[in-house]
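Here's the letter readout for the chains.
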Amino acid sequence: MKPRFAIAVLLGSLCLPALAQFQTPEAAIKYRQGAFSVMAAHFSRVAMMAQGIQPFDAKTAAENAELVGNLSRLPFTAFGPGTDKGAPNRSKDEIWKESAKFKAASDKMVAEAAKLEAAARGGDFEALKTAVGTLGRSCKSCHDDFRGSKRE
Ligand code: ASC
């Protein structure tokens with residue numbers, strides 16, 4: 001390895017943890033908002049079937065629940081330090097002040113989304129209803145604790 005290249009690689013790897021995936025706080029905020037919003041769209045398609053608002057179709061439920069499972073794993077990485085401001089958002093300071101509690105809530109949501117995915121794949125309507133209820137409560141509990149009114 002040429003020395004100049006080696007230095008570039010070293011500098012690149014040193015910058016990586018800080019910048020993990022986002023160049024700016026605004027980019028992180030928009031990313032997590034986008035992930036939540038697409039997740040909500042797919043969750044609501046499953047939830048509407050579970051609630052009898054839409055007819056139950058096992059294949060549609062499984063496809064949407066799989067997306068919910070995958071999308072649930074995205075937002076947490078976009079709540080890094082310093083991403084409280086940079087674009088309008090509803091994050092509360094508790095996200096960073098009680099970061100272990102926030103991480104636990106996020107992990108719970110991801111786990112419940114995985115259960116929803118498994119239930120939908122199994123095709124059992126009662127199991128799907130239960131999983132929709134648990135995941136919905138996990139969304140709500142995190143909103144109650146960590147989502148506030150809009151800030152710039
Ligand atoms: C949704 C959605 C949420 C949750 C929450 C459940 O479909 O967008 O944030 O369910 O409302 O209480």
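Residues numbered from 1 in each chain as written. Predicted model: local features only at pLDDT ≥ 70, side-chain atom pairs only at ≥ 80, totals over all residues. Heavy atoms only, no water.

### A short note on the packing of aromatic side chains
Aromatic rings considered in pairs are described by the distance between their centres and by the relative angle of their planes. Scanning the entire structure with this criterion turns up six aromatic pairs. For the pair F102 and F146, a centre-to-centre distance of 5.0 Å together with 70 degrees between the ring planes defines the contact as edge-to-face. One end of the pair, F102, is in helix α5 (residues 99-122); the other, F146, is in helix α6 (residues 125-146), with 44 residues separating them in the sequence. For the residue pair F102 and F146, the accessibility class agrees, reading buried in each case. The rings of F36, F76, F79, F102 and F146 are connected pair by pair, giving a single aromatic cluster. Over the face of the ring belonging to F76 we find K103, whose NZ or CZ atom lies 4.9 Å from the ring centre. (Phe/Tyr/Trp six-rings, centres within 6.5 Å; stacked < 30°, edge-to-face > 60°. Helix = DSSP H or I, 4+ residues; strand = E, 2+ residues; numbered from the N terminus. Buried < 20%, exposed > 50% of the residue type's maximum accessible area, 1.4 Å probe, protein only. Lys NZ or Arg CZ within 6 Å of the ring centre and 35° of its normal.)

### Digging into the pattern of salt bridges
Pairs can form between side chains of opposite charge once their charged atoms are near each other. Applying the stated criterion across every chain yields a total of 12 salt bridges. Note that R151 is salt-bridged to D93, the shortest N-O span being 3.1 Å. Remark: D93 occurs in the loop between β1 (89-91) and α4 (94-97) and R151 occurs in strand β2 (residues 147-151); sequence separation between them is 58 residues. Judged by relative accessible area, R151 falls into the partly exposed class, the value being 21%. For D93, a relative accessible area of 34% puts it in the partly exposed group. Between D107 and K103 there is a salt bridge; the shortest N-O distance is 2.8 Å. Separated by four residues within a single helix, D107 and K103 lie in helix α5, roughly one turn from each other. Taken together, the shared-partner salt bridges in this structure form one network comprising E98, K101 and D145. (Salt bridge = Lys/Arg side-chain N within 4 Å of Asp/Glu carboxyl O.)

### Quick notes on the nonpolar core
Judged by nonpolar contacts, the single largest core of 19 residues is most densely connected at F43, V46, V68, L116, L128, V132 and L135. Per-element tally for this core: the top contributor is helix α2 (residues 25-50), with six residues. Beyond its immediate stretch of four places on either side in the chain, L128 contacts V46, F56, A61, L116, A119 and A120. Membership of the second largest hydrophobic core comes to six residues, among which are F79, I95, C142 and F146. (Core = buried A, V, L, I, M, F, W, Y, C linked by side-chain atoms within 4.5 Å. Contact = heavy atoms within 4.5 Å.)

### Overview of the packing of helix α3 (residues 58-72) against α5
As a packed pair, α3 and α5 sit with axes 8 Å apart at the nearest point and diverge in direction by 160 degrees. Here α3 lies roughly antiparallel to α5, going by the angle between them. Like other packed secondary-structure pairs, α3 and α5 cross with a definite hand, here left-handed. Seen from α3, the contacting residues are A58, A61, A62, A65, E66, V68, G69, N70 and S72; seen from α5, they are M109, V110, A113, L116, E117, A120 and R121. Here the residues of the contact of α3 with α5 are counted per class, giving 10 nonpolar, three polar and three charged. (Axes fitted to C-alpha atoms, helices over the stretch in contact; angles between N-to-C directions. Parallel < 35°, antiparallel > 145°, perpendicular 65-115°, else oblique. Left-handed = near helix turned anticlockwise from the far one by under 90°. Nonpolar A, V, L, I, M, F, W, Y, C, P; charged D, E, K, R; others polar.)

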